[in-house]
Every structure is written in structure tokens, then in C-alpha cells.
Amino acid sequence: MKSVLENRPALRAEIEKVAEVAGYLWQKGWAERNGGNITVNVTEHADEAIRALPAISERYPIGTELPRLKGCYFFCKGTNRRMRDLARRPMENGAVIRILDDGASYEIIADAPVKPTSELASHLAMHEQMIATGNGYKAALHTHPIDLVAMTHNPAFLAKDVLTKLLWSMIPETRAFCPKGLGIVPYEMPSSVKLARATVEALKDYDVVMWEKHGVCAVGPDIIEAFDQVDVLSKAAQIYQTARAMGFVPTGTTQEQMDELQRAFNL
């Protein structure tokens, strides 16, 4: 069977971005074993031939109803698949799925019958929210940055916007490239509908949210942009933790300096 990427350069480019980011996540140590997930809305690249493809799987329930996703197509990392393998062979370690007319189930259409991420309910709920807001975002990323997850084990950092202000103050790029800051989702069972709903609620105000003691979710216009936001937050966390390891509490930029940055860059 031909790959869905054959003679579809735009779709291939999106999958290549996924593979690129998957490699970064593994290299950074943010994707142990099969940890982390990526989903990208590829509906705009689903031509008539793709829409006519028969299912190569049974019909699976999503676990929640997402009416705005009816007829949408997504590339998803496979469940129990490793990011390092997704980086090398994306179509063997991920799949293209089609959301069915009920908005509550999906089927796999290509390239291999690889069932998507166990966090699919959370990811698709994020995509539903992105479509609802009309922000044009197409990608959702979940990963486990060591420094950021460590900070969620301190209750003092879990109050609203405490981590946002701390991380913004570590280096100006964080304020510039993650302007909405970092939302916090209190611990919920991984893969649960409750986690999905809490994540969607947080994404009304943020583009990046922490799952307490678990990991980070980020959304963006493509998977590179979603990754970049997590990357700058992680760098800020490393600066803070390095200063503490050196024996002092970093002063951080002042509120006045951050306000000046906000005005200068229209953040």
C-alpha cells in the first residue's frame, strides 16, 4: 500500500516537523521510554483520495463527544511508541486517524494500524478548543521536561501565575516567546476525561499548561511553535535551579523591567 505521504509534499512537511520535534524531545531527556505525545490536525491536507481511504482498524471510542472535530483528520503518535522511533520512522510509529460523524469515535486510515496515544481524549479536546476559539492552532504537544515537572512538586509554585512570573523574570526571552505564561492543572489521573476537561479550561487563558507532577501540554500553529514555548520555559527553569544550586536565590528582572519588555514588544 502506498504511503499517504506520497505525492503530498505539504502533508509530508507537517509529518517531518513532528519527526524533528520528536527527536528534540528524546535528546533533551523529556521523553523517557514511550513518554509524551504529539497530535497535529492535518485536515487541510486531506484531499479526496485520503477522504476515500477505507479504515484499517475497528471503530474506537474517544471517551467524550467533540462535535467540532467531525470529519477531521489527525496525525497522532502511537500508544506505547517511543519518541526516538517516531523521529526516525514517523509513519511506522504514528497514524492518521479520521473522526467519525458522531464526534465521539475515530478510525485509523493510514499508514499502519497503530493505535494513537493513550492521551487522545485530552489531545482531541485541546483541538476542539482550538477550533472553537478560531485561533488557527493545529498542533498539541505533551512532554515531560525534568526541570518544570520538578517545580510542580513544590506547593508554593502551584498557586495561579506564581510559576509564570518567576519564569518570566529569569530571562527576557521567556516573556517574549511565551507571552501567556504557564497554566497549572492540579493532578488528575493520566488519560482521564477529567484531565482533558481541566486542560481545556486552562487553555482558555494559556498556550502552555503544566499537569502537576506529570508534564507539560502546549498548543500552537504548528508543532515547532508548540515545542519552542516549552523550550523557553525550560531554559528559564534551568536558570532558576542553577542559581539555587550555586547557593543563592536569583533576583530576576523587576516588574518594571517586565512591563517595559511588554510595551516594547506589544506582548
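Use the structure listed above.
Thresholds, definitions, all that
Residues numbered from 1 in each chain as written. Predicted model: local features only at pLDDT ≥ 70, side-chain atom pairs only at ≥ 80, totals over all residues. Heavy atoms only, no water. Phe/Tyr/Trp six-rings, centres within 6.5 Å; stacked < 30°, edge-to-face > 60°. Helix = DSSP H or I, 4+ residues; strand = E, 2+ residues; numbered from the N terminus. Buried < 20%, exposed > 50% of the residue type's maximum accessible area, 1.4 Å probe, protein only. Lys NZ or Arg CZ within 6 Å of the ring centre and 35° of its normal. Axes fitted to C-alpha atoms, helices over the stretch in contact; angles between N-to-C directions. Parallel < 35°, antiparallel > 145°, perpendicular 65-115°, else oblique. Left-handed = near helix turned anticlockwise from the far one by under 90°. Contact = heavy atoms within 4.5 Å. Arc of directions from axis to C-beta. Pairing = 2+ DSSP bridges. Salt bridge = Lys/Arg side-chain N within 4 Å of Asp/Glu carboxyl O.

Chemist: I'm lost on the packing of aromatic side chains in this one. Help?
Modeler: A ring pair, where both rings are aromatic, is described by two values, the distance of the centres and the angle of the planes. Going through the model one piece at a time under the given rule, you end up with 4 aromatic pairs. Ring centres of tryptophan 30 and phenylalanine 227 lie 6.1 Å apart, and the angle between their planes is 45 degrees; on these two criteria the pair is classed as tilted. Here tryptophan 30, found in the loop between α1 (9–27) and β1 (37–41), pairs with phenylalanine 227, found in helix α9 (residues 223–245); they are 197 residues apart in sequence, far enough to count as distant. Judged by its relative accessible area of 4%, tryptophan 30 falls in the buried class. Chaining the aromatic ring pairs together yields one cluster made of Tyr24, Trp30 and Phe227. The ring of tryptophan 26 has arginine 84 lying over it, and the distance from NZ or CZ to the ring centre is 4.6 Å. Directly above the ring of tryptophan 168 sits arginine 175, whose terminal nitrogen or CZ lies 3.9 Å from the centroid.

Chemist: I keep staring at the packing of helix α4 (residues 120–133) against helix α8 (residues 193–202) and nothing clicks. Help me out?
Modeler: Helix packing for two helices is described by the angle between their axes and how far apart those axes are. Contact pair α4 / α8: the axes reach a minimum separation of 8 Å and the direction vectors enclose 30 degrees. Classified by the interaxial angle, the pair formed by α4 and α8 is roughly parallel. Of the two elements, α4 crosses α8, and the hand of that crossing is right-handed. Between α4 and α8, the residues in contact are Ala121, Ser122, Ala125, Met126 and Gln129 and Leu195, Ala196, Thr199 and Val200, respectively.

Chemist: Mind showing me how you'd approach α8 here?
Modeler: Given 3.6 residues per helical turn, the α-helix brings residues three or four places apart onto the same face. Those residues of α8 lying buried are Leu195, Ala196, Thr199, Val200 and Ala202. Looking straight down α8, one finds that the buried residues subtend no more than 160 degrees of arc, so they occupy a single side. Of the exposed residues in α8, the ones pointing more than 90 degrees away from its buried face are Lys194 and Arg197. Buried residues along α8 sit in contact with α4, β7 (182–185) and β8 (208–211).

Chemist: What is the right way to look at the pairing of strand β3 (residues 73–77) in this model?
Modeler: Within a regular strand, side chains alternate between the sheet's two faces. Most of β3 is tucked away: 5 of the 5 residues are buried. Burial of the side chains of β3 extends over both faces: Tyr73, Phe75 and Lys77 are buried on one face and Phe74 and Cys76 on the other. Bridge count between β1 and β3: 3 bridges; the pairing is antiparallel. Bridge pairing in β3 links asparagine 41 to phenylalanine 74. As paired elements, β3 and strand β4 (residues 94–99) share 5 bridges and run antiparallel to each other. Within the sheet, the bridge partner assigned to phenylalanine 75 lies in β4 and is valine 96.

Chemist: Looking at this structure, I do not really get the pattern of salt bridges. What am I missing?
Modeler: Opposite charge on two side chains allows them to pair when their charged atoms are near. Applying the stated criterion to the full structure yields 16 salt bridges. A salt bridge links lysine 160 to aspartate 161; the shortest N-O distance between them is 4.0 Å. Overall, the relative accessible area of 62% leaves lysine 160 in the exposed class. When salt bridges that share partners are traced, they join Asp85, Arg88, Arg89 and Glu92 into one network.

Chemist: What is the right way to look at unusual backbone geometry in this model?
Modeler: Here the bond from alanine 110 into aspartate 111 is cis, since omega is -10 degrees, no more than 30 degrees from zero. Within the secondary structure layout, aspartate 111 lies in the loop between β5 (105–110) and α4. Not every positive phi belongs to a glycine, and arginine 33 is a case in point at roughly 40 degrees. Even without glycine at this site, lysine 213 takes up a positive phi of about 60 degrees. Counting through the fold element by element, lysine 213 comes out in the loop between β8 and β9 (215–220).

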